[in-house]
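Reading the structure
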Amino acid sequence: MLTTRKPLAFIAPIVLLLALMLVNCIGCKEKGQNQDTQEQAAVERTEPAVPEVQDEPIDPNGKIKLRILCTTSPNEGRTADFTSFLSRHFIKVETTDYESFREDLAKDFDVVIIDYGATRPGTPVPQLSLSYCRATITFGVAGSMVCRRLDLKPGYL
Amino acid sequence: MANAAHGESLEHEVYHTPFKVEPEFEDRKTPANYHDRHIGTDKLPDKMKVWKVQTSERGNVVSRSYGFEDSPDAEAIALGFNHGKEYGAVGIGRHANVLQWGYFDPPSQMTDAGRRLFLNCICYIHRFDGVRPLVHTNASHRLNAIRLAPLIDRIDDKSFFSSTFAPELMEKYKGNAKGLADYYRQDIELVYRDSRGGGTFQIDTDLKELSLESNRTVETLGRLIELLGDPQQAEKAGRLLERYTSQSNDFSSAEQWRQWLSENKDRIFFSDVGGYKFFVIPEGYPVGQKNQTEIGRALFR
């Protein structure tokens, strides 16, 4: 009896291990295929996939609880590109004119994104004072001109 | 700047939260401008590891590395792979409440890693809402003396250097640009800019006479305060404290200086860019993670 039960006791864990490896392998493949499909769709829509949010307050829809104010570019498609992307990730996204942007326009927002879509210096710069302290991302060469106005280190040189 | 960032160090939390940034690295030939503008005595590698932030080739703008991190209110987040400035120039960097994203492409044309980093940057900068800079840029970092010295034999217009090099140095090193660079390199720890000297780069001979090796260490500051008690050196020490601090009008005795140093010594820093002065970090001021070593300064340490 011992001779018949011993091989079974030896083989059972191996069979279980192989089964688990098979399931994992299929799972990986499905996950990979899903990512491929998502990436393809993202390219077609020119929109990125939504990654999972970690360690940041989110609302029931999975959006990050930050309100974003984005300045507009003369290229409307560029502005739409930003707002479309940001709206998928943040609870509130609005736009305001780049040239006439002032700090008080940002009082109901958590982060400002200053973008103009400029490829060269010499673009107009919003009239911000040295006391400007709203959390802000400045973008590209126009952004560096804004930093220069504020006497900040990323300022255009 | 091109479309990529250098990939040596991605330890900063902005690469990890809330989204995990997983760049695809590639090796690119080290740009010729990196070699030309390299002020260290070592040799840069032939290839460098980078990762693509955006898909189109055009980047946009990088900030000079010199002095970018000489104050604790600023941090380099990504070094931009560029064809115009030095290795170490900053592609993405924060100063106080503002984070500059030097790349051009909108989100749909960023790589997946670029988009994730962009989202993380938005979340990260929110922590610095309401935070004002500790220093404003009002002086050129000392390493620019070495960077600009080779130009004295290439640019004929002397007015170009009027606020950079003293006329007597220009004359002395005419035809010997390397000599001028070496002049500053040998005493890089004692370089400062004095508005009374026309704002040109100068070597601090006062400190040299006191056998002090650097103008930007807290140890030097402490020594100068000690020398206020030495009748033979008090006048010079007072002059140097006026040069390198903003407290001279506030204190009338050595004891006041000692108390100020004792209370603040763990929060004192020196900034070239901020005007070649010592500053105090206010208590509770949010300091970001240092991601990159301050490139130029590291070359001399």
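Residues numbered from 1 in each chain as written. Chains lettered and ligands numbered in written order. Predicted model: local features only at pLDDT ≥ 70, side-chain atom pairs only at ≥ 80, totals over all residues.

Before going further, it helps to spend a moment on the overall build of chain A. Along chain A, the regular secondary structure elements total three helices and four strands. For chain A, the sequential pattern of α-helices and β-strands runs α-β-α-β-β-β-α. Taken across its 157 residues, chain A has 34% of its residues classed as buried. Intrachain contacts of chain A at a sequence separation of at least 6 include 58% that bridge at least 24 residues. (Helix = DSSP H or I, 4+ residues; strand = E, 2+ residues; numbered from the N terminus. Buried ≥ 20, exposed ≤ 12 C-beta atoms within 10 Å, placed from the backbone. Contact = placed C-beta atoms within 7 Å.)

Time to look at the overall build of chain B. Check the secondary structure of chain B and you find 10 helices and 10 strands. Scaling as 2.2 N^0.38, a compact globule of 301 residues should have a C-alpha radius of gyration of about 19 Å, and chain B matches this with 21 Å. When its C-alpha atoms are laid out on the principal axes, chain B stretches across 65 × 50 × 30 Å. Here chain B, with 301 residues, has 48% of them falling under the buried criterion. Within chain B, counting contacts between residues at least 6 apart in sequence, those at least 24 apart form 68% of the total. (Rg over C-alpha atoms; globule rule 2.2 N^0.38 Å.)

All names here are of chain B. Residue placement: phenylalanine 25 occurs in strand S2 (residues 25-29). Residue class for phenylalanine 25 comes out exposed when judged on the 12 C-beta atoms lying within 10 Å of it. Spatially, the C-alpha atom of phenylalanine 25 lies 20 Å from that of valine 62, the residues being 37 residues apart in sequence. Apart from residues no more than four positions distant in its own chain, phenylalanine 25 is found in contact with Gly7, Lys49 and Trp51.

In this section: unusual backbone geometry. Residues and elements named next belong to chain B. Looking along the chain, the bond that leaves threonine 17 and enters proline 18 is cis, with omega of 0 degrees. Looking at where proline 18 falls in the secondary structure, it is placed in the loop between strand S1 (4-6) and S2. Look at tyrosine 276: it is not a glycine, yet its phi comes out positive at around 60 degrees. Position of tyrosine 276 relative to the elements: it lies in the loop between strand S9 (268-271) and strand S10 (277-280). On the basis of neighbour counts, which here come to 24 C-beta atoms within 10 Å, the residue tyrosine 276 falls in the buried class.

On to the nonpolar core, then. Of all hydrophobic cores here, the largest spans 75 residues; its most connected members are Ile68(A), Val111(A), Ile113(A), Ile137(A), Cys121(B), Ile122(B) and Ile125(B). It is helix H2 (residues 112-126) of chain B that provides the largest number of residues to this core, a total of nine residues. If we ignore the near neighbours within four places in the chain, the residues touching Ile68(A) are Leu86(A), Phe90(A), Lys92(A), Val93(A), Phe109(A), Val111(A) and Ile113(A). Of all hydrophobic cores here, the second largest spans 36 residues; its members include Leu143(B), Ala149(B), Leu221(B) and Phe279(B). (Core = buried A, V, L, I, M, F, W, Y, C linked by C-beta atoms within 7 Å.)

As a further point, take the environment of Leu86(A). All names here are of chain A. Inspection of the secondary structure puts leucine 86 in helix H2 (residues 76-87). For the pair leucine 86 and isoleucine 64, spaced 22 residues apart in sequence, the C-alpha to C-alpha distance is 10.0 Å. Ignoring sequence-local partners within four residues, the contact set of leucine 86 consists of Ile68, Cys70 and Val93.

Another aspect to go through is the pairing of strand S3 (residues 111-114) of chain A. All names here are of chain A. What you see with S3 is no split at all: Val111 and Ile113 on one side and Val112 and Ile114 on the other are buried throughout. Note: strand S1 (residues 64-71) against S3, three bridges, orientation parallel. Looking at the pairing, isoleucine 68 lines up with valine 111 of S3. Pairing analysis gives three bridges linking S3 to strand S4 (residues 136-139), with the strands arranged parallel. In the sheet register, isoleucine 114 faces S4, and the bridge partner there is threonine 138. (Pairing = 2+ DSSP bridges.)

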